[in-house]
Each structure stands twice: as structure tokens, then as C-alpha cells.
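An overview of the molecular structure
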Amino acid sequence: LDAAGIVRFLDDARARLPAWRRDFQAAQDLSGIDWRLLAALAYQESKWDPLATSYTNVRGMMMLTEDTADRLRVTDRLDARQSILAGARYLVELKEQLPPEVAEPDRTWLALAAYNLGMGHMNGARFVATLVKRDPNAWHEMKQVLPLLAQPEYYARLKSGAARGGEAVIMTENIRTYYDILRRHEKAASGPQAFPMSSSPAM
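Residues numbered from 1 in each chain as written. Predicted model: local features only at pLDDT ≥ 70, side-chain atom pairs only at ≥ 80, totals over all residues. Heavy atoms only, no water.

Now for the packing of aromatic side chains. Scanning the entire structure with this criterion turns up six aromatic pairs. With 5.3 Å between their ring centres and 55° between their planes, Y90 and Y115 make a pair best called tilted. Residue Y90 is found in helix 5 (residues 80-97), and its partner Y115 is found in helix 6 (residues 106-117); the two are separated by 25 residues along the sequence. Here Y90 and Y115 have matching classes, each one buried. A cation over an aromatic ring shows up here: R176 above the ring of W109, its NZ or CZ 4.8 Å from the ring centre. (Phe/Tyr/Trp six-rings, centres within 6.5 Å; stacked < 30°, edge-to-face > 60°. Helix = DSSP H or I, 4+ residues; strand = E, 2+ residues; numbered from the N terminus. Buried < 20%, exposed > 50% of the residue type's maximum accessible area, 1.4 Å probe, protein only. Lys NZ or Arg CZ within 6 Å of the ring centre and 35° of its normal.)

F24, W48, M122 and L146 are the most contacted members of the largest nonpolar core, which has 60 residues in total. Only helix 1 (3-15), helix 2 (21-31), helix 3 (35-46), helix 5, helix 6, helix 7 (119-131), helix 8 (139-145) and helix 10 (165-185) provide two or more residues apiece to this core. Discounting chain neighbours no more than four positions away, the residues touching W48 are F9, D12, A13, R16, L17, W20, F24, A39, A42, Y43 and M61. (Core = buried A, V, L, I, M, F, W, Y, C linked by side-chain atoms within 4.5 Å. Contact = heavy atoms within 4.5 Å.)

This model, assessed by the stated rule, comprises 10 salt bridges. Linking R81 and D23 is a salt bridge whose minimum nitrogen-to-oxygen distance equals 2.6 Å. Here R81 is found in helix 5, whereas its partner D23 is found in helix 2, with 58 residues between them in sequence. For D23, a relative accessible area of 12% translates into the label buried. Taking the shortest distance from any N to any O, the salt bridge between D34 and R36 comes out at 2.9 Å. Its relative accessible area of 5% is what places R36 among the buried residues. (Salt bridge = Lys/Arg side-chain N within 4 Å of Asp/Glu carboxyl O.)

Below, the discussion takes up the layout of surface pockets. For the largest pocket, the calculated volume is near 630 Å³. Forming the boundary of the largest pocket are 23 residues, of which E45, T56, V58, N116 and E167 lie nearest the centre. The class makeup of the residues in the lining of the largest pocket is 12 nonpolar, eight polar and three charged. (1 Å grid on protein atoms, 1.4 Å probe; cavity = no way out; pocket = protein on both sides within 12 Å on 5 of 7 lines; lining within 4 Å. Points joined across faces, edges and corners; volume = space filled by probe spheres on them. Nonpolar A, V, L, I, M, F, W, Y, C, P; charged D, E, K, R; others polar.)

Low pLDDT means the predicted atomic positions in that stretch should not be read closely. Across the protein chain, the average pLDDT comes to 93, with 94% of residues at 70 or higher. Per-residue pLDDT, averaged within each element of the protein chain, yields its smallest value for helix 4 (residues 66-71) (95) and its largest for helix 3 (98). Confidence over residues 197-203 falls short of pLDDT 50; this stretch has 14 contacts with residues more than four positions distant or in other chains. (pLDDT = per-residue confidence, 0-100.)

What follows concerns unusual backbone geometry. Cis peptide bonds are those with omega within 30 degrees of zero, and the linkage from E104 to P105 qualifies with 0°. Here P105 lies in the loop between helix 5 and helix 6. At N57, a position not held by glycine, the phi torsion is positive, near 70°. You can see N57 is positioned in the loop between helix 3 and helix 4. Assessed through its relative accessible area of 35%, N57 is described here as partly exposed. Of note in this structure, K133 is not a glycine but carries a positive phi near 60°. Mapping K133 onto the fold places it in the loop between helix 7 and helix 8. A relative accessible area of 75% means that K133 is categorised as exposed.

As C-alpha cells, then:
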């Protein structure tokens, strides 16, 4: 994320975010996740465009797959409120699938990467972390591991196969930047405390 991207995000936060703020706050009420983090995730996914569609047919504000939307009983992926609420619920599901020893805020950062990759690939990356003697519970370690999912010597060992783990790292780091900006410019809603931006320092 470069300086121009940050300027564009600030402009969009002023012009576009107010229309969806109540929906993100409703998603916080549903999920317990800071609405500003959900808004940061949505911006990374769709630039807050409720009609966004990718070439892989993920659609809507939170860019849900058809299968995920069906499972979460979303009747219209292009309905912004439905998409936001479902995306929040999906992020909660991903957080809950991580082992209990994964502490916050790493739990959230890993779940955000899994939002992009899928939990099968995240579990594969956690296995690779043990092979290369990295901590599978720490985001600052997993940032180094996830790109290995694109290398045959690693993905050949995994049932989940190859994945674009480097893209998941970039996506998650972008979300963390957007979230940090929103924490500075948008008021918290009553409810969960905001996560600190760092966990344990990198070795």
C-alpha cells in the first residue's frame, strides 16, 4: 500500500464510508468485532462497492463466494447490509476455527488471512511453520511462512495444495493499515476494545 493508496483511502473514507457506517456498526453488534476493522476488511475486498464482482464470481461489499453466502443464508450478495453482516459472521467463524492457543491480536490477523486463503490453506501454512521452525500462532512469523505455499517443495506436502499466500499477507497488511487509519479518524462504537496494531515483536 503506497502513499497514493492511503490518500485514496482517506478520500473514500470521507465520501463513501458514511453511507455504510450504520451497517458496519450493526455488524459489530452481531459479531463483537470492531466496526472499523470490518470496514477496513470491506475496503480491501471491494473498495466499499456493494456491486463489486471478481472474475472468480465472488461478489458484493465483502466479496463472498456463492457457497459461503448460501451457508450464511444470504439471499442477495449485492445487498450491502446482508453482505456486511455475513462477512462479519464469517470472520468470527474463522477466528473460532483457530486453536485456542492463538492469542489476540494474532488471532484476528490470521483469521483475516484465512478470509482470503480459506482455513484449509491456513492450516497448511501452520503446518509448514512447524517445518521451518516458525511460530504458527504469531502473525509476524506467519507473514514469512504464507508465501511458501506457492513453492512446490512445501505445497506438495499439503492436502490443501498450492496457494497464493503472499497475496494473503499483502491483503492482511493493507487491512491493518486501513484499520489503523480508521482508528485515528473514526470514533469507536460502544462494545469491543480496539486491537493493538502489533503483537510480540519480530525476532
